[in-house]
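# Survey of secondary and tertiary structure
Spelled out from the first residue to the last, the chains are:
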Amino acid sequence: MNRKIDVCLSPGLIDNYESMGKIVIVADIFRATSCMAVALAHGVKKIKPVSSLVECRQLQDEGYIAAAERGGQKVDGFDLGNSPFHYMDESLADQTIAMTTTNGTMALNSCTDAKQVIAGSFLNFSPLVNYLRKTKVDILVVAAGWKGKVNLEDSLYAGALVHALKLHCQVGGDAAYMCSSLYATAKSDLRSFLDRADHTHRLLRLGQEEDIDFCLSIDKYTEVPVLRKDGHLHKMSLNDMLI
Ligand code: MLT
């Protein structure tokens, strides 16, 4: 077993990691990568993750549906915010979305030399694990965190992946071991464990408790959002994804 899985706890640390030739899984559980899974599962054609409001506005002017979140709230003047329930709207089917969020979309654009970049969530956890078990390359999980800081929910997700792949990958470093140990502590009741998370408190203050519960539900969807060479996330089945 010479494959390794490692964890980058914040995009601010990404320069300390090698992503070339690896499969990178970006996790922004509350809520960007969860929203991406919902959107594509509900028929959205593709999603372009962008890092700035300016670029998102430009794409809106070009006809994209524009989704913008900052600080956990929808940005005025854009079409969508970042609640997963916004992305279940049937009117979004076959549409192309430009999305910018506080952390997740920037994290997705932080590993341009990766072999493959995937948006990870609990909503499609097992399909992604099954895919990763079939691949042969090293894996780097990038936790989106919060404004450069480490957060609990994305670290827990990273630990869940390390735990699920323990028979297929070596633990690649202390961060991966830390996250796996954290997950072992919390796995019986993620929601209770995350009662203490900063973003849980932030979202509760914003009246978004149902988003928290939904983003922690397991395996609602089978497809996985994969960043393709066109710079957009597409819904891909396991066979389509294999590299
Ligand atoms: C993020 O980018 O960290 C999240 O999208 C923030 C949120 O949705 O509340």
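The structure reproduced in this document is the subject of the present report. Quantities reported herein were computed from a predicted structural model and do not represent experimental measurements.

### As for the site of the ligand
In the region of the ligand, 14 residues are neighbours, and Asp28, Asn82, Thr101, Asn103 and His199 sit closest. Contacts to the ligand include Ala32, whose backbone N or O atom sits 3.5 Å from an oxygen atom. Contacts to the ligand include Asn103, whose side-chain N or O atom sits 2.6 Å from an oxygen atom. Here the residues of the shell around the ligand are counted per class, giving four nonpolar, seven polar and three charged.

### What to know about the nonpolar core
Within soluble globular proteins, side chains that are nonpolar generally end up buried alongside one another. Counting 44 residues, the largest nonpolar core has Val7, Ile25, Ile118, Leu132, Tyr157 and Leu161 as the members making the most contacts within it. Broken down by element, this core gets its largest block of residues, seven residues, from helix H5 (residues 152-164). Dropping the residues within four chain positions of it, Leu132 is found in contact with Arg3, Ile23, Ile25, Ile139, Leu161 and Leu165.

### Focus on the pattern of salt bridges
Enumeration according to the criterion identifies four salt bridges in this entry. The salt bridge partner of Arg31 is Asp211, with a shortest N-O separation of 2.8 Å. Of this pair, Arg31 sits in the loop between strand E2 (23-27) and helix H1 (32-41) while Asp211 sits in helix H9 (residues 209-215); the two residues are 180 residues apart in sequence, bridging distant segments of the chain. Each member of the pair, Arg31 as well as Asp211, carries the same accessibility label: buried. Across the pair Arg191 and Asp195 runs a salt bridge, and its minimum N-O distance is 2.5 Å. The exposure class assigned to Arg191 is buried, which follows from its relative accessible area of 17%. With relative accessibility at 42%, the residue Asp195 sits in the partly exposed group. If you follow the salt bridges from partner to partner, you end up with Arg191, Asp195, Glu209 and Asp213 in one network.

### Overview of the pairing of strand E10 (residues 224-227)
Residues Val224 and Val226 of E10 are buried on one face, and the alternating residues Pro225 and Leu227, pointing to the opposite face, are buried as well. Bridge count between strand E7 (residues 116-120) and E10: two bridges; the pairing is antiparallel. Note that in E10 the partner of Val117 across the bridge is Leu227. As defined by bridge partners, E10 adjoins strand E11 (residues 233-236) across four bridges and the pair is classed as antiparallel. Note that in E11 the partner of Val224 across the bridge is Met236. Where E10 folds back onto E11 in an antiparallel hairpin, the turn is made up of five residues, including Gly231, whose phi is positive at roughly 80 degrees.

### Some remarks on the side chain of His199
Mapped onto the elements, His199 comes out in helix H8 (residues 198-205). Setting aside residues no more than four positions away along its own chain, His199 makes contact with Phe30, Trp146 and Glu153.

### Side note on the pairing of strand E1 (residues 4-8)
Within E1, four of the five residues are buried, which leaves it mostly tucked inside the rest of the structure. Pairing analysis gives four bridges linking E1 to strand E8 (residues 139-143), with the strands arranged parallel. Residue pairing in the sheet places Cys8 in a bridge with Val142 of E8.

### Overview of the packing of helix H4 (residues 125-134) against H5
Interaxial distance between H4 and H5 falls to 10 Å at its minimum, and their mutual angle equals 45 degrees. With respect to H5, the element H4 is oriented oblique. Once H4 is placed against H5, the crossing between them reads as right-handed. Taken together, the residues of H5 that come into contact with H4 (itself represented by Phe125, Leu128, Val129, Leu132 and Arg133) are Tyr157, Ala160, Leu161 and Ala164. When its residues are assigned to classes, the contact of H4 with H5 shows eight nonpolar, no polar and one charged.

Rules of the game
Residues numbered from 1 in each chain as written. Predicted model: local features only at pLDDT ≥ 70, side-chain atom pairs only at ≥ 80, totals over all residues. Heavy atoms only, no water. Near = heavy atom within 4 Å. Polar contact = N/O pair within 3.5 Å; in protein donor to acceptor, adjacent residues only side chain to side chain. Nonpolar A, V, L, I, M, F, W, Y, C, P; charged D, E, K, R; others polar. Core = buried A, V, L, I, M, F, W, Y, C linked by side-chain atoms within 4.5 Å. Buried < 20%, exposed > 50% of the residue type's maximum accessible area, 1.4 Å probe, protein only. Helix = DSSP H or I, 4+ residues; strand = E, 2+ residues; numbered from the N terminus. Contact = heavy atoms within 4.5 Å. Salt bridge = Lys/Arg side-chain N within 4 Å of Asp/Glu carboxyl O. Pairing = 2+ DSSP bridges. Axes fitted to C-alpha atoms, helices over the stretch in contact; angles between N-to-C directions. Parallel < 35°, antiparallel > 145°, perpendicular 65-115°, else oblique. Left-handed = near helix turned anticlockwise from the far one by under 90°.

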